[in-house]
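Letter by letter, the chains look like this.
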Amino acid sequence: MADMINELGNKTVTIYFDSPMSFEAKNIKPLNGITGLYFIFSSTIQVQYPFDKSKLLYIGMSEKRTNSIGSRLIGHFEGKSKNVGLVNYRKVEPLWFTYINIEMLRNIWNFRVEDLESYFILNFVEHYGVYPICNNKTGFEILNNTLTTNFKIDWSYFK
């Protein structure tokens, strides 16, 4: 992650994503107890969003260790989350995921994990014109906070 200060004195942090992992139980189980954001994407299908194409299907979050990234991803993997879109994409091709451990951002992000998810979703909307295809909620609560950190998100990772 590279840091730089913008004209408002806010810090801008560039977010680069870790290597993708195949969306299967053996890769998900080690994430039990970890909180933060996770991103589920297709291997080959590029979704045509209004402004650009992306393989990103879903941005999700875990705010509690008891409902960790691992347990949330297993819920999506097994279909218990009832996200029909993710279940059906998985029927036609292998999916991938990556994640951001919130502990890595604690020194620069003073808000809730839910607010970080909102930030990422709204940033995706800004770049692609609409929510990721399998997300169905808004993220406007984050606009009520005074942000001291801005993120430059490497959405090209999902190309």
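Refer to the structure above for everything that follows.
These lines cover the structure that appears in this document, whether it is placed above or below. Fair warning: this is a prediction, and the values are worked out from it, not measured in the lab.

Conventions we followed
- Residues numbered from 1 in each chain as written.
- Predicted model: local features only at pLDDT ≥ 70, side-chain atom pairs only at ≥ 80, totals over all residues.
- Heavy atoms only, no water.
- Helix = DSSP H or I, 4+ residues; strand = E, 2+ residues; numbered from the N terminus.
- Polar contact = N/O pair within 3.5 Å; in protein donor to acceptor, adjacent residues only side chain to side chain.
- Salt bridge = Lys/Arg side-chain N within 4 Å of Asp/Glu carboxyl O.
- Buried < 20%, exposed > 50% of the residue type's maximum accessible area, 1.4 Å probe, protein only.
- Expected span 1.5 Å × (residues − 1).
- Contact = heavy atoms within 4.5 Å.
- Pairing = 2+ DSSP bridges.
- Axes fitted to C-alpha atoms, helices over the stretch in contact; angles between N-to-C directions.

## Some points on the environment of Tyr 119
For Tyr 119, the position within the fold is in helix α4 (residues 113-128). Each C-alpha atom, one on Tyr 119 and one on Asn 150, is 9.1 Å from the other, the two residues being 31 residues apart in sequence. Of the polar contacts made by the side chain of Tyr 119, one reaches the backbone nitrogen of Phe 151; its length is 2.8 Å.

## Some remarks on the pattern of salt bridges
Using the criterion set out here, one finds 5 salt bridges in the structure. Arg 112 serves as the salt-bridge partner of Asp 115, at 3.1 Å between the closest nitrogen and oxygen. A residue is classified by how much of its surface remains accessible, and Asp 115, at 5% relative accessible area, is buried. On the basis of relative accessibility, which here comes to 44%, the residue Arg 112 falls in the partly exposed class.

## Topic: α4
An α-helical segment advances 3.6 residues per turn. Residues three or four places apart therefore align on the same side. If you check α4, its first and last C-alpha atoms are 22 Å apart, about what 16 residues at 1.5 Å a residue would give, namely 22 Å. Of all 16 residues making up α4, 12 are buried, and the element is well covered by its neighbours. All buried positions along α4 are accounted for by Val 113, Asp 115, Leu 116, Glu 117, Ser 118, Tyr 119, Phe 120, Ile 121, Leu 122, Asn 123, Phe 124 and Tyr 128. Next to the buried residues of α4 lie β2 (11-15), β4 (36-42), β6 (53-54), β7 (56-62), β8 (95-101) and β9 (149-153). A positive backbone phi angle near 95° is found at Gly 129, which sits one or two residues after α4.

## Structural notes on the sheet that holds β4
Read across the open sheet, the 4 strands follow the order β3-β8-β4-β7; overall the sheet is antiparallel. Looking along the sheet, the strands with just one partner apiece sit at the ends: β3 (21-22) and β7. Pairing analysis gives 6 bridges linking β4 to β7, with the strands arranged antiparallel. Following the sheet pairing, Phe 41 is matched in β7 by Leu 56. Against the sheet, helix α2 (residues 69-78) makes contact with β4, β7 and β8, and its axis sits at roughly 30° relative to β4, the strand it touches most. Docked against the sheet, α4 engages β4, β7 and β8, running at close to 165° with respect to β7.

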